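Here are the chains, one letter per residue:
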Amino acid sequence: MAPAITLAAEAPKLSAANTGFMLICSALVMLMTPGLAFFYGGMVRVKSTLNMLMMSFISLGIVTILWVLYGFSMAFGTDSGSLIGWNSDWVGLTGVDKGELWGTYNIPLLAFMVFQLMFAIITPALISGALADRVKFSAWALFIVLWATIVYFPVAHWVWGEGGWAFDMGVIDFAGGTAVHINAGAAALGVILVIGKRVGFKKDPMRPHSLPLVMLGAGLLWFGWFGFNAGSWLGNDDGVGSLMFVNTQVATAAAMLAWLAYEKIRHGACTTLGAASGAVAGLVAITPAGGSVTPMGAIAVGAIAGVLCAMAVGLKYKFGYDDSLDVVGVHLVGGIVGSILIGFFASGKGQSEATGVFYGDHKFDQLWKQLAGVGGVLAYSLIVSAILAFVLHKTIGMRVSEDEEVTGIDQAEHAETAYDFSGAGGGAARTAAAPAPVAAAASKKVDA
């Protein structure tokens, strides 16, 4: 992410080109949340599809209102103690003029605000994949309110707000390796440790019900991620955004190929789920690093992330935590890998002059900064998210009943099902003539 405020000799003038670019990027990032919904929705069983879609979509509503009311002020307002920001003029955007520029940049404050809003929306949505099949929708909605307020808004200030401790330390996070992916992945781990495993975890097959839907979601995420990453430089005046665009594509391709190679060697097949997951792992890893590394460095970041994330998704079976859709394995691990590898592969020719170990930083200065940023965000999000989940779990309850989970959370929480099979089977006369046992068996297959 470009620095929030920089010093300039002359007052900037609004750039129609950069403003238009930022609005387009904001729309691309917004598209990522529906893309995530499809990605997650295809990975669950039929009976949980709608709930998974809604857990992403509801973030579009809740976080938008919170961001306008006070979230933007907390994240990017005047710093207080290196921990939080505040600007009363930004509360409800009541004191913001449509032509007011963002700091010394040549884009409107409102353009920056809405771009950052899309980051705030997708981050809690990422968490939802770890909680599939078992969380009350009302409890999830309340969790988003609390988590965005207590975790995301302060962490965004730490990483990107002028005066935030990670920002001032020099931690590099171009577009959200710490603030978005490590933050969401650590939160997911904290919550699932509190609410426990799905019924049948490690016993029942819980395969994706629609791999085409997963691939569609992955494609939308990949497409939207160019806005997510390249837009984070807030303009196109010096080529850094173009470098980030190229590195996003390169690292994602490398990660997908590395994940598939690992699958082929380990399991004997290259799967579509592996291709989609590998692509997302590469997108996650290059998000913090893409403005600092060369395209060759991006290949290394992507390939390393692809292999390590592919290895990490199996840890839930070894350690017994039920990360339903591998949020920990992909987003937490991918975010950590991408953030730390900056300390090795930063070339000093991108967003800043900071270099990594392989480019002359033999004192490990940038590496230690990256480790501090990773550790601080991970610990805070993990602990606070677990506390929030514990409080909700012990008060209103976070989980649906066991019967509702087995029957299907879609019907229990939304009174709907994802697919209507009532017209299938060749007509009413044939259906009526079907023996009762056959009809009952078909019904069970549909409910599954």
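Since the structure is predicted, the reported quantities are computational estimates derived from the model, not experimental observations.

Conventions we followed
Residues numbered from 1 in each chain as written. Predicted model: local features only at pLDDT ≥ 70, side-chain atom pairs only at ≥ 80, totals over all residues. Heavy atoms only, no water. pLDDT = per-residue confidence, 0-100. Contact = heavy atoms within 4.5 Å. Salt bridge = Lys/Arg side-chain N within 4 Å of Asp/Glu carboxyl O. Helix = DSSP H or I, 4+ residues; strand = E, 2+ residues; numbered from the N terminus. Buried < 20%, exposed > 50% of the residue type's maximum accessible area, 1.4 Å probe, protein only. Phe/Tyr/Trp six-rings, centres within 6.5 Å; stacked < 30°, edge-to-face > 60°. Patch = residues over 30% accessible without salt bridge, like charges linked within 9 Å, V, L, I, M, F, W, Y side chains within 5 Å. Areas by Shrake-Rupley, 256 points an atom, 1.4 Å probe, with all protein chains shown as cover. Axes fitted to C-alpha atoms, helices over the stretch in contact; angles between N-to-C directions. Parallel < 35°, antiparallel > 145°, perpendicular 65-115°, else oblique. Left-handed = near helix turned anticlockwise from the far one by under 90°. Nonpolar A, V, L, I, M, F, W, Y, C, P; charged D, E, K, R; others polar. Core = buried A, V, L, I, M, F, W, Y, C linked by side-chain atoms within 4.5 Å.

Peer 1: I'm lost on the confidence of the model for the protein in this one. Help?
Peer 2: Low pLDDT marks regions whose predicted coordinates should not be analysed in detail. Confidence in the prediction of the protein, expressed as mean pLDDT, is 93, and 92% of residues score 70 or more. With pLDDT under 50 throughout, residues 3-8 is counted as low confidence; its partners more than four residues away or in other chains account for 13 contacts. Scored below 50 in pLDDT, residues 427-448 shows 8 contacts in the model against residues more than four places distant or in partner chains.

Peer 1: Would you take a moment to explain the pattern of salt bridges for this structure?
Peer 2: Taken as a whole and assessed by the stated rule, the structure comprises 6 salt bridges. A salt bridge links Arg198 to Asp133, with the nearest nitrogen and oxygen atoms 3.3 Å apart. With Arg198 in the loop between α6 (177-195) and α7 (211-230) and Asp133 in the loop between α3 (109-127) and α4 (137-160), this pair connects stretches of sequence that are 65 residues apart. Take Arg198: its relative accessible area is 8%, and that puts it in the buried class. Judged by its relative accessible area of 3%, Asp133 falls in the buried class. Here Lys316 makes a salt bridge to Asp326, at a shortest N to O gap of 2.9 Å. Of this pair, Lys316 sits in helix α11 (residues 315-319) while Asp326 is found in the loop between α11 and α12 (327-345), placing the two residues 10 residues apart along the sequence. Among the charged side chains, a salt-bridge network with shared partners connects Arg45, Asp133, Arg134, Arg198 and Asp322.

Peer 1: Any chance you could explain the packing of aromatic side chains here in plain terms?
Peer 2: When we look at a pair of aromatic rings, we describe it by the centre distance and by the angle of the planes. Enumeration according to the criterion identifies 27 aromatic pairs in this entry. An angle of 90° between the planes, with centres 6.1 Å apart, marks the rings of Phe76 and Trp102 as edge-to-face. With a gap of 26 residues between them, Phe76 in helix α2 (residues 49-76) and Trp102 in the loop between β2 (84-86) and α3 connect regions that are remote in the sequence. Among the aromatic residues, those joined into a cluster by ring pairs are Trp67, Tyr70, Phe72, Phe76, Trp90, Trp102, Phe112, Trp147, Tyr152 and Phe153.

Peer 1: For this particular structure, what's the right way to read a nonpolar patch on the surface?
Peer 2: On the surface, a cluster of nonpolar side chains totalling about 380 Å² of accessible area is made up of Ile383, Ile387, Phe390 and Val391. The exposure class assigned to Ile383 is exposed, which follows from its relative accessible area of 52%.

Peer 1: Mind showing me how you'd approach the packing of α7 against helix α8 (residues 240-267) here?
Peer 2: Packed helices, taken two at a time, are described by their axes: the angle between them and the distance between them. Remark: α7 packs on α8, axes separated minimally by 9 Å, with the N-to-C direction vectors making an angle of 140°. The angle between α7 and α8 places the two elements in the oblique class. Considering only the axes of α7 and α8, their crossing is right-handed. Contact with α7, carried on its side by Trp222, Phe226, Asn229 and Ala230, involves Gly241, Met244, Phe245, Thr248, Gln249, Thr252, Ala253 and Met256 of α8 and no other residues of that element. Residues belonging to the contact of α7 with α8 are distributed by class as follows: 7 nonpolar, 5 polar and no charged.

Peer 1: Would you mind going over unusual backbone geometry with me for this structure?
Peer 2: Peptide bonds are, in most cases, trans, and in most cases residues other than glycine have a negative phi. Look at Asp133: it is not a glycine, yet its phi comes out positive at around 85°. In this structure, Leu234 takes a positive phi of about 65° despite not being glycine. Structurally, Leu234 is set in the loop between α7 and α8. Overall, the relative accessible area of 2% leaves Leu234 in the buried class.

Peer 1: Even after reading the chapter, I still don't get the packing of α2 against α3, so can you show me in this structure?
Peer 2: Orientation of α2 relative to α3, taken along the N-to-C sense of each, is 130°, at an axis distance of 8 Å. As summarised for this structure, α2 and α3 are arranged oblique, according to the angle between their axes. Every pair of crossing elements has a handedness; the one defined by α2 and α3 is right-handed. Packed against α2, whose contacting residues are Ser56, Ser59, Leu60, Val63, Thr64, Trp67, Phe72 and Phe76, the element α3 presents Leu109, Phe112, Met113, Gln116, Leu117, Ala120, Ile121, Pro124 and Ala125 at the interface. In the contact of α2 with α3, the residues fall into 13 nonpolar, 4 polar and no charged.

Peer 1: For this particular structure, what's the right way to read the side chain of Asn106?
Peer 2: Within the secondary structure, Asn106 is located in the loop between β2 and α3. With residues near it in sequence (within four places) discarded, Asn106 still touches Pro12, Lys13, Leu14, Ser15, Asn18, Thr19, Leu101 and Asp237.

Peer 1: It is not clear to me how the nonpolar core should be interpreted in this structure. Could you clarify?
Peer 2: One recurring pattern in soluble globular proteins is that nonpolar side chains are buried together. Residues Trp67, Trp102, Leu131 and Tyr152 are the most contacted members of the largest nonpolar core, which totals 108 residues. Element by element, the count of residues in this core is highest for α4, at 15 residues. Beyond its immediate sequence surroundings of up to four residues, Leu131 is in contact with Met55, Trp140, Val191, Ile192, Ile195 and Ser324. Counting 14 residues, the second-largest nonpolar core is a separate cluster that includes Ala251, Val293, Ala305 and Val337.

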